[in-house]
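The primary structure of each chain is shown beneath.
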Amino acid sequence: AVLLPDTDLEGARTIAQGLVDSQACMGYPVSGGLTISAGVSTLRGAEDTAQELLRRGDMALYRAKREGRNCVVVQA
């Protein structure tokens, strides 16, 4: 998990996509390459809890994996 204080949802998506893209450019001699799947979520307001934030991020992560991996899914 990565927490990005003072970062809006679009900024977090951009950072996550940058990680996916930079990893895709690297080659590994034994495995050939690694991928990153990322789920991004944001706090919805003062009443939102840390557990709910992590649950939404986890849901987005698993959706990214189901959709073929090596991508970013946003769960607002």
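First, a word on scope: everything that follows refers to the structure included in this document. If you're wondering where the values come from, they're calculated on a predicted model, not measured in any experiment. Each residue is numbered by its place in its chain's sequence as written, counting from 1. The predicted nature of this model means local features are confined to residues of pLDDT at least 70 and side-chain atom pairs, given and counted, to a pLDDT of 80 or more, with totals for whole chains, interfaces and linings taken over all residues. Excluded from the side-chain calculations are hydrogens and water; all other atoms, namely the structure's heavy atoms, are used.

A short note on unusual backbone geometry
Piece 1. Unusually for a residue other than glycine, aspartate 6 sits at a positive phi of about 60°.
Piece 2. Inspection of the secondary structure puts aspartate 6 in the segment before helix H1 (9-24).
Piece 3. Relative accessibility under 20% of the residue-type maximum defines a buried residue, over 50% an exposed one, and the middle range a partly exposed one, all with a 1.4 Å probe and only protein chains included. For aspartate 6, a relative accessible area of 87% puts it in the exposed group.
Piece 4. Although it is not a glycine, arginine 69 adopts a positive phi angle of roughly 65°.
Piece 5. Mapped onto the elements, arginine 69 comes out in the loop between helix H2 (50-66) and strand E2 (72-75). Where helices and strands are cited, they refer to DSSP runs of H or I of at least four residues and of E of at least two residues respectively, numbered from the N terminus.

Things to note about the pairing of strand E1 (residues 38-41)
Piece 1. The pairing of E1 with E2 spans four bridges and is classified as parallel. The residue of E2 that forms the bridge with serine 41 is glutamine 75.
Piece 2. Between the parallel elements E1 and E2, the chain passes through H2 in a crossover that is left-handed. Strand pairing is assigned whenever DSSP identifies at least 2 bridges connecting the two strands. For crossovers, right-handed means that the path from the first strand over the helix to the second runs clockwise, given strands pointing away from the viewer.

Describing the pattern of salt bridges
Piece 1. When a carboxyl oxygen of Asp or Glu is within 4 Å of a side-chain nitrogen of Lys or Arg, the pair counts as a salt bridge. The final tally for this structure, using the stated rule, is five salt bridges.
Piece 2. We note a salt bridge from arginine 13 to glutamate 10, for which the minimum N-O separation is 2.9 Å. Remark: glutamate 10 and arginine 13 occur in helix H1; sequence separation between them is three residues, near one turn of the helix.
Piece 3. Judged by its relative accessible area of 28%, arginine 13 is partly exposed.
Piece 4. With a shortest N-O distance of 2.5 Å, glutamate 52 and arginine 55 are connected by a salt bridge. Separated by three residues within a single helix, glutamate 52 and arginine 55 lie in helix H2, roughly one turn from each other.
Piece 5. You can call glutamate 52 partly exposed: its relative accessible area is 24%.
Piece 6. The structure contains a network of salt bridges with shared partners spanning Asp48, Glu52, Arg55 and Arg56.

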